[in-house]
Amino acid sequence: MEEYDLYLNVKKPAIGLYVRKGAKLPDLADTADWVFDGTAAQDLLPSSVIAGVKADGHAFRDMD
């Protein structure tokens, strides 16, 4: 089963960014604003997150 790493934005903790496990952050201007918050299995995430990562290499998620 595929796994995904979650990064949270320290300035806006309600925003999460998912990437494939081990992929690191995509080319963001402010990578220092993002902190690793763990890894989740595919079956624990909404299908929209999985589809976004497959299509774009990353997916944002409202964590509220």
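Look up a bit, the structure's there.
Throughout this document, residue positions are counted from 1 along each chain, in the order its sequence is written. Note on the predicted model: pLDDT of at least 70 is required for a residue's local features to be given, and 80 or more for side-chain atom pairs to be given and counted; whole-chain, interface and lining totals, by contrast, use all residues. In computing side-chain properties, one takes all heavy atoms of the structure into account and sets aside hydrogens as well as water.

Peer 1: Got a minute to help me understand the overall build of the protein in this structure?
Peer 2: On a plain count of helices and strands, the protein comes out with one helix and four strands. Numbering of helices and strands starts at the N terminus; helices are DSSP runs of H or I of at least 4 residues and strands are runs of E of at least 2. Scanning the protein from its N terminus toward the C terminus, one meets helices and strands in the order β-β-β-α-β. We take the radius of gyration over the C-alpha atoms and set the globule estimate at 2.2 Å times the residue count to the 0.38 power. Relative to its length of 64 residues, the protein is compact, with a C-alpha radius of gyration of 11 Å against a globular reference of 11 Å. Summarising its shape, the C-alpha atoms of the protein cover approximately 30 × 25 × 20 Å along the three principal directions. Exposed residues in this analysis have more than 50% of their type's maximum accessible area, buried residues have under 20%, and partly exposed residues fall in between, with area computed by a 1.4 Å probe over protein chains only. A total of 64 residues make up the protein; the buried ones form 31% of that total.

Peer 1: How do you make sense of the pattern of salt bridges when you look at a structure like this?
Peer 2: Opposite charge on two side chains lets them pair, provided their charged atoms get close. Whenever a carboxyl oxygen of Asp or Glu lies within 4 Å of a side-chain nitrogen of Lys or Arg, that contact is scored as a salt bridge. Counted under the stated rule, the structure contains three salt bridges. One salt bridge in this structure joins K21 and E3, with 3.0 Å as the shortest N-O distance. Of this pair, K21 sits in the loop between β2 (15–20) and β3 (34–41) while E3 sits in strand β1 (residues 3–9), and the two are 18 residues apart along the sequence. Across the pair D33 and K11 runs a salt bridge whose closest N-O atoms are separated by 3.7 Å. Placement of the pair is D33 in the loop between β2 and β3 and K11 in the loop between β1 and β2, with a sequence separation of 22 residues.

Purely geometric stuff here, so don't read any function into it on its own.
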